[in-house]
Amino acid sequence: MSEQITTTSGTTGAEDLTTRYGASMLGVFGTPQRILVRGEGAHVWDAEGNEYLDLLGGIAVNALGHAHPSFVAALTKQVETLGHVSNFFATGPQIELAETLLRLAEAPAGSGVFFTSSGTESNEAAFKIARRTGRPRILALEDAFHGRTMGALALTHKESYREPFEPLPGGVEFVPPGDVQALEAALAPGDVAALFLEPIQGEAGVVPLPDEYLRAARRLTAEHGTLLIVDEVQTGVARTGEWFAHQRLDDLQPDVMTLAKGLGGGFPIGAVIAYGEQVRSLLQPGQHGTTFGGNPLGASVALAVLGTIAEDDLRGSARDRGDHLARRIDELAADDDRITGIRGAGLLRGIALAEPIAPQVVARALEAGFIINAANPHTLRLAPPLIVTDAQIDTFVDALPALLDAATPGNCESDTIGKRS
Ligand SMILES: *Cc1c(COP(=O)(O)O)cnc(C)c1O
């Protein structure tokens, strides 16, 4: 008799699934807010049939929304053709994706790409490139987030993420974002391998680095022979209205760029771009590797994502929809002092709140059918699919004052926050 792999005793109602989740998964993510079963465009549905406008896009991942026809077609065609090969072999989609990324990144001749399966893995590879310079020190910014594996964690600033896992890989120091003098002083000894930075600090609350700071970082790292490593895991792939956020500044060419999130539009794929022959050659044959990185499924899907962004001008959409959202939030903020402003670019936005009630607003929003996220207690983060419409954005902005009412401390309704209604 054949063995049955899935349990037959398992029940499938939303509450039962939540209980089974709690009993079977590591507790690192807490209790799931909902069990989701289906998505289409900018909407997802939960196990009870409720519809949500997805204004978070899997945290800047679902660039084309859910079940986009070009995504489905590319993945289906590739999986029917060739699903996976080891990196002893190459495939057409992988090579084409590398060439496409180099072109979009405006990388000079001699540049090269390494594929990964996630953002943290991209930053691990960048970390190893930095080590290969032979220099002992690495700089990252205060409030930086670069991922959860040990190397990326060493570059991540938040103490509560780091402390339980010490000792972390050594040599990393943090400098305050925006402080050119501090950066200059840290670079001065000439022993810094790399400076890691996010053009917009996402986990910090969607805080863009000032243009002047980015320019100074480029100039100073070049002067001191230090690699400038730009983490575009969240900001890349048209999210901010540019292919890559740093491109809003002319001639700000990084030495290394890391990507993931939006690149596969939901398929796990990341990339590291080493700009120029000198940086590319820092990792020699045998010094790094991956099993899944750049497999033909991920590569085909990423090509479809990039192709659709280009064909449908979703960069333009990210800019226009983002401007629309910012305008509408600024209008609200003008006579609602619970909202203090909106940060970010394109469709990566942080709505700043006067009170630390972002988690409560997120819970209220979910009950009202909107998926958003609290980047921190004072910031609502929105990173919707690039296919979102102004009308969809408007439904959220129109609902926001009532969501703030419901989430305000002292309001008796807030007693039920976090519980299922
Ligand atoms: C999400 C994120 C990461 C980590 O990506 P994972 O795919 O979760 O490992 C790294 N850097 C930045 C800027 C991110 O936003």
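First things first, this report covers the structure right here in the doc. (Residues numbered from 1 in each chain as written. Predicted model: local features only at pLDDT ≥ 70, side-chain atom pairs only at ≥ 80, totals over all residues. Heavy atoms only, no water.)

Details of the pattern of salt bridges
The criterion, for reference: The term salt bridge refers to a pairing of a side-chain nitrogen on Lys or Arg with a carboxyl oxygen on Asp or Glu at a separation within 4 Å. Helix and strand definitions follow DSSP, with helices as H or I runs of at least four residues and strands as E runs of at least two, each counted in order from the N terminus. Note on classification: 1.4 Å probe, protein chains only; a residue is buried when its accessible area is under 20% of the maximum for its type, exposed when over 50%, partly exposed between these limits.
Under the counting rule described, the total for this entry stands at 18 salt bridges. A salt bridge links R137 to D191, with the nearest nitrogen and oxygen atoms 2.7 Å apart. With R137 in strand β5 (residues 137-141) and D191 in the loop between α8 (180-187) and β7 (192-197), the pair connects residues that are 54 residues apart, well separated along the chain. Overall, the relative accessible area of 23% leaves D191 in the partly exposed class. The salt bridge partner of R321 is D390, with a shortest N-O separation of 2.6 Å.

Considerations on empty space enclosed by the protein
Convention followed: The distinction between a cavity and a pocket rests on a 1 Å grid over the protein atoms alone: a 1.4 Å probe fits inside a cavity but cannot get out, while a pocket stays open yet meets protein on both sides within 12 Å along at least five of seven lines, and a residue with an atom within 4 Å of a point counts as lining. Grid points are joined across faces, edges and corners, and a volume is the space filled by probe spheres set on the points.
Under the criterion given, the structure shown has one cavity of 30 Å³ or more. Of the voids in this model, the largest cavity is the one considered here, and its volume is about 30 Å³. Residue lining of the largest cavity: V85, S86, N87, F89, T91, Q94, G293, G294, N295 and P296, and that is the complete set.

Here we look at the pairing of strand β12 (residues 270-274)
Our working rule: Strands are treated as partners if at least two bridges between them are detected by DSSP.
Within β12, five of the five residues are buried, which leaves the element mostly enclosed by the surrounding structure. Of the two faces of β12, both are covered, the one formed by G270, V272 and A274 as well as the one formed by A271 and I273. Alignment of strand β4 (residues 112-116) against β12, held across five bridges, turns out to be antiparallel. Bridge assignment links V113 to a residue of β12, and that residue is I273. Pairing geometry for strand β11 (residues 256-259) and β12, over four bridges, is antiparallel. By the bridge assignment, T258 is partnered in β12 with V272.

Functional significance is not addressed by these values, which are geometric in nature.
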